[in-house]
Amino acid sequence: MKLRWAEPAATTIGTALIKTLAATWRYREIGKRPLEPPFIFVLWHSRILSLLPLYKNRGLVLLVSRHRDGGYLVDLAEGWGYRSVRGSTQRGGEIGLLGIVRALQAGAIVAMTPDGPRGPAERVQPGAIAAAQHAGVPIIPAGAQASSRWYLRSWDRMRVPKPFATIDVFHGAPIQIGDGKEGLRQGVAAVQQSLDELNSESAPAQA
């Protein structure tokens, strides 16, 4: 069976089972910096399940695909206190971007996967950078490494931490997005570099 998007993981594994599994995970946050909202968290799509439990009940806003499978992630995330905006860079992109910008302007923290919803995996697309540029807010890259994990047969090789795994979470420095096309181009490059470093196997040495 080949899964294409994170939300079917909730159906395949079972939402209740994911929450039970997540209750056993232990987190260590490295490089965390105090920063007042609004801002955008960015993370690779494959780390969604690793990071969702850490930020639960903080009122974060997620951009979720308008694909029918997006409902699965909404159900899981809302059970952990997240809010959602439906849309993506591929389907309903303009609506999603508008909703994200409005949430940021209202003072929210937004979480986005710049390589979602369909890839290519771990390659930054400009949607999150454009949202930060429009709203005038910084981007905070985040990475995660679980001490033990399974890999799903999805396009992004979704990582599911095993029971009682320790998950190291790495926070990058805030990235401010400049004006115009050049600011957007530089922002894409800076976010790509930061996410690559934070999610590499040598991330602990870099933090």
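(A) View of the sheet that holds strand 6 (residues 139–146). Strand order in the open sheet formed by seven strands is 1-9-6-2-5-3-4, with mixed pairing between adjacent strands. A strand with exactly one partner marks an edge of an open sheet, and here the two such strands are strand 1 (26–30) and strand 4 (83–86). Adjacent strand axes in the sheet meet at a mean angle of 25°, parallel and antiparallel pairs treated alike. Relative to strand 9 (residues 166–171), strand 6 runs antiparallel, the two sharing five bridges. Within the sheet, the bridge partner assigned to Ala-146 lies in strand 9 and is Ile-167. The strands that helix 7 (residues 180–198) touches are strand 2 (39–42), strand 6 and strand 9; relative to strand 6, the one it contacts most, it runs at about 25°.

(B) Main features of the confidence of the model for the protein. With 84% of its residues at a pLDDT of 70 or more, the protein has an overall mean of 86. Across residues 1–7 the pLDDT falls below 50, and counting only partners more than four positions away or on other chains, this stretch makes 28 contacts in the model.

(C) Seen up close, the packing of helix 6 (residues 127–135) against helix 7. Two elements in contact, helix 6 and helix 7, have axes separated by 9 Å at closest approach and are oriented at 130°. Accordingly, the angle class assigned to the pair helix 6 and helix 7 is oblique. Taken as a pair, helix 6 and helix 7 cross one another with a handedness that is right-handed. Contacts between helix 6 and helix 7 involve Ile-129, Ala-130 and Gln-133 from the first element and Gly-180, Gly-183, Leu-184, Gly-187, Val-188 and Val-191 from the second. Of the residues in the contact of helix 6 with helix 7, the class split is five nonpolar, four polar and no charged.

The rules behind these values
Residues numbered from 1 in each chain as written. Predicted model: local features only at pLDDT ≥ 70, side-chain atom pairs only at ≥ 80, totals over all residues. Heavy atoms only, no water. Pairing = 2+ DSSP bridges. Helix = DSSP H or I, 4+ residues; strand = E, 2+ residues; numbered from the N terminus. Axes fitted to C-alpha atoms, helices over the stretch in contact; angles between N-to-C directions. Contact = heavy atoms within 4.5 Å. pLDDT = per-residue confidence, 0-100. Parallel < 35°, antiparallel > 145°, perpendicular 65-115°, else oblique. Left-handed = near helix turned anticlockwise from the far one by under 90°. Nonpolar A, V, L, I, M, F, W, Y, C, P; charged D, E, K, R; others polar.

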